[in-house]
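Summary of the model geometry
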Amino acid sequence: WLIPDIEKYPENTLSIFNRWGDEVFKAVSYSNSNAWDGSNLQSGTYFYVLNVSVNGEKQTFKGFITMIKGN
């Protein structure tokens, strides 16, 4: 999963949760060079929480990821 310009915010934490609220992935200092590919998970909808520090202020972004896998 590539997040545009995430390298501009090295102080970040990304957590991804399944539909039951179980954390299935967590990264500190997430970057596109070692991006999460979801290969260990099944197709479905996942919830993410991305915390970043912007000019010393913490900001939180939340949303959904729908993963579709081929055969």
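The coordinates are above.
Everything numeric here is computed off the predicted structure, so don't read it as measured data.

If you walk through the whole model with that rule in mind, you get one salt bridge. The closest approach of N and O atoms between D5 and K8, which form a salt bridge, is 3.9 Å. D5 gets classed as partly exposed once you look at its relative accessible area, which sits at 45%.

Let us look at the environment of T45. Counting through the fold element by element, T45 comes out in strand β3 (residues 44–54). A relative accessible area of 40% means that T45 is categorised as partly exposed. Here the alpha-carbon distance between T45 and G70, two residues 25 residues apart in the chain, equals 15 Å. The contacts of T45, once residues within four sequence positions are left out, are R19, F64, I65 and T66.

Sheet architecture is open: four strands sit in the order β2-β1-β3-β4, paired in antiparallel fashion. Taken across any chain shown, the strands that pair with only one partner, and hence form the sheet edges, are β2 (23–28) and β4 (57–67). Between one strand and the next, the sheet's axes are offset by a mean angle of 15 degrees, whatever the strand orientation. As paired strands, strand β1 (residues 12–17) and β2 are joined by five bridges and run antiparallel to one another. Bridge pairing links F17 to E23 in β2.

Our next topic: the packing of aromatic side chains. Per the stated rule, a full pass over the model turns up four aromatic pairs. By the ring-pair criterion, three or more aromatic residues cluster together here, those being F25, Y30 and W36.

The rules we used
Residues numbered from 1 in each chain as written. Predicted model: local features only at pLDDT ≥ 70, side-chain atom pairs only at ≥ 80, totals over all residues. Heavy atoms only, no water. Salt bridge = Lys/Arg side-chain N within 4 Å of Asp/Glu carboxyl O. Buried < 20%, exposed > 50% of the residue type's maximum accessible area, 1.4 Å probe, protein only. Helix = DSSP H or I, 4+ residues; strand = E, 2+ residues; numbered from the N terminus. Contact = heavy atoms within 4.5 Å. Pairing = 2+ DSSP bridges. Axes fitted to C-alpha atoms, helices over the stretch in contact; angles between N-to-C directions. Phe/Tyr/Trp six-rings, centres within 6.5 Å; stacked < 30°, edge-to-face > 60°.

All we've got here are geometric facts, nothing functional implied.
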